[in-house]
Amino acid sequence: LDLNWRPALGPFADLFSEVKPWVSTVDMVVISTDQLGELGHAVSGELDSASSLDAAIQVAVAAICEELQVKLLCMCCKFVQQQGQLRWSVIARASAPGSSSAAGEHSGVKVVSSFSQAVFHKPLEALGGGDAWVAGFLDAHVLSGSGVF
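Residues numbered from 1 in each chain as written. Predicted model: local features only at pLDDT ≥ 70, side-chain atom pairs only at ≥ 80, totals over all residues. Heavy atoms only, no water.

S.K.: How should I be thinking about the overall build of the protein in this particular structure?
M.R.: Looking only at helices and strands, the protein has four helices and six strands in total. Counting from the amino terminus, the protein carries its helices and strands in the arrangement α-β-α-α-β-β-β-β-β-α. Expressed as a percentage of its 149 residues, the buried residues of the protein come to 33%. Of the roughly 8800 Å² of accessible surface on the protein, 56% is carried by carbon and sulfur atoms. (Helix = DSSP H or I, 4+ residues; strand = E, 2+ residues; numbered from the N terminus. Buried < 20%, exposed > 50% of the residue type's maximum accessible area, 1.4 Å probe, protein only. Areas by Shrake-Rupley, 256 points an atom, 1.4 Å probe, with all protein chains shown as cover.)

S.K.: Help me understand the pattern of salt bridges in this model?
M.R.: Where charged atoms from two side chains of opposite charge come close, those side chains can pair. Counted by the stated rule, this structure contains one salt bridge. Lys-71 is paired through a salt bridge with Asp-27; the nearest N and O atoms lie 3.6 Å apart. Taken together, the residues Lys-71 in the loop between α3 (50-68) and β2 (72-81) and Asp-27 in the loop between α1 (12-19) and β1 (29-31) connect sequence positions 44 residues apart. (Salt bridge = Lys/Arg side-chain N within 4 Å of Asp/Glu carboxyl O.)

S.K.: For this particular structure, what's the right way to read the nonpolar core?
M.R.: Side chains of a nonpolar character, in soluble globular proteins, are inclined to be buried together. Of all hydrophobic cores here, the largest spans 30 residues; its most connected members are Ile-31, Leu-36, Ile-57, Val-61, Leu-73 and Trp-88. Elements supplying a minimum of two residues to this core: α1, β1, α3, β2, β3 (84-94) and β5 (109-113). In terms of residues, this core owes the most to one element, α3, which gives nine residues. Ignoring any residue separated from it by four or fewer positions in sequence, one finds Val-61 in contact with Leu-36, Leu-73, Met-75, Val-90 and Ala-92. (Core = buried A, V, L, I, M, F, W, Y, C linked by side-chain atoms within 4.5 Å. Contact = heavy atoms within 4.5 Å.)

S.K.: Explanation requested: the side chain of Asp-54 in the structure shown.
M.R.: Inspection of the secondary structure assignment puts Asp-54 in helix α3. Apart from residues lying up to four places away in sequence, Asp-54 is in contact with Trp-88, Val-90, Ser-113 and Phe-115.

S.K.: Help me understand the packing of aromatic side chains in this model?
M.R.: Both the distance between ring centres and the angle between the ring planes are used here to describe each pair of aromatic rings. Tallying each qualifying case throughout the model produces four aromatic pairs. Here the aromatic rings of Trp-5 and Phe-12 are separated by 5.5 Å at their centres, their planes lie at 80 degrees, and the arrangement is edge-to-face. Residue classification places Phe-12 among the buried positions, given a relative accessible area of 4%. On the numbers, 5.6 Å between centres and 15 degrees between planes, the contact of Phe-12 with Phe-16 is stacked. Here Phe-16 and Phe-12 lie together in helix α1, a separation of four residues that amounts to about one turn. Taken together, the ring pairs connect Trp-5, Phe-12 and Phe-16 into an aromatic cluster. (Phe/Tyr/Trp six-rings, centres within 6.5 Å; stacked < 30°, edge-to-face > 60°.)

S.K.: What is the right way to read empty space enclosed by the protein from this model?
M.R.: Summary: where empty space remains is shown by rolling a probe the size of a single water molecule over the atoms. Across all of its chains, the model carries one cavity of 30 Å³ or more by this definition. Roughly 30 Å³ of volume is contained in the largest cavity. Lining of the largest cavity is provided by Leu-3, Phe-16, Val-23, Val-29, Ile-31, Leu-39, Ile-64, Leu-68, Val-70 and Leu-73. Secondary-structure elements contributing two or more residues to the lining of the largest cavity are β1 and α3. Split by residue class, the lining of the largest cavity holds ten nonpolar, no polar and no charged. (1 Å grid on protein atoms, 1.4 Å probe; cavity = no way out; pocket = protein on both sides within 12 Å on 5 of 7 lines; lining within 4 Å. Points joined across faces, edges and corners; volume = space filled by probe spheres on them. Nonpolar A, V, L, I, M, F, W, Y, C, P; charged D, E, K, R; others polar.)

S.K.: I tried to follow α1 on my own but got confused; where do I start?
M.R.: Residues spaced three or four apart along an α-helix face the same direction, because each turn holds 3.6 residues. Burial in α1 covers these residues: Phe-12, Phe-16 and Val-19. Projection of α1 onto a plane perpendicular to its axis shows the buried side chains occupying an angular sector of 60 degrees, all on one side. Along α1, the residues that are exposed and aim more than 90 degrees away from the buried face are Ala-13 and Glu-18. (Arc of directions from axis to C-beta.)

S.K.: How should I be thinking about unusual backbone geometry in this particular structure?
M.R.: For residues that are not glycine, phi is negative in most cases, and the peptide bond is trans in most cases. A positive phi is found at Gln-69, a non-glycine position, where the angle reads about 55 degrees. Mapped onto the elements, Gln-69 comes out in the loop between α3 and β2. For Gln-69, a relative accessible area of 59% corresponds to the exposed category.

Put into structure tokens, the structure is as follows:
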């Protein structure tokens, strides 16, 4: 489920009131950094570095994953600079019930960030980057044949 909400679609609260009862029943939910605030976990735009933004996003995504009981919560992240933007992804996966917490887990939610392999680029258009990431993620998942996210 890719929320892919934009203000022109109406209030986020209206969309989310329709979606919320179903989020725990789907395998994957994709959100944007803008939606962190709408879900009660705003990340300050005033953070001074991409690494501090990544750390704040990891905490927020883990909390949302746990609160909404989402199996897999994904986000494409960007740190915009004058010369271009740094892009990476953060994924939170709920641990199986009864499993013990391990390193890299926040309250029973495992969080993985690709920040150490972030890509810097100058996009020609600010549309479609997240959709392309989701397509690649799903393709890799299907090709793995594991059936497990």
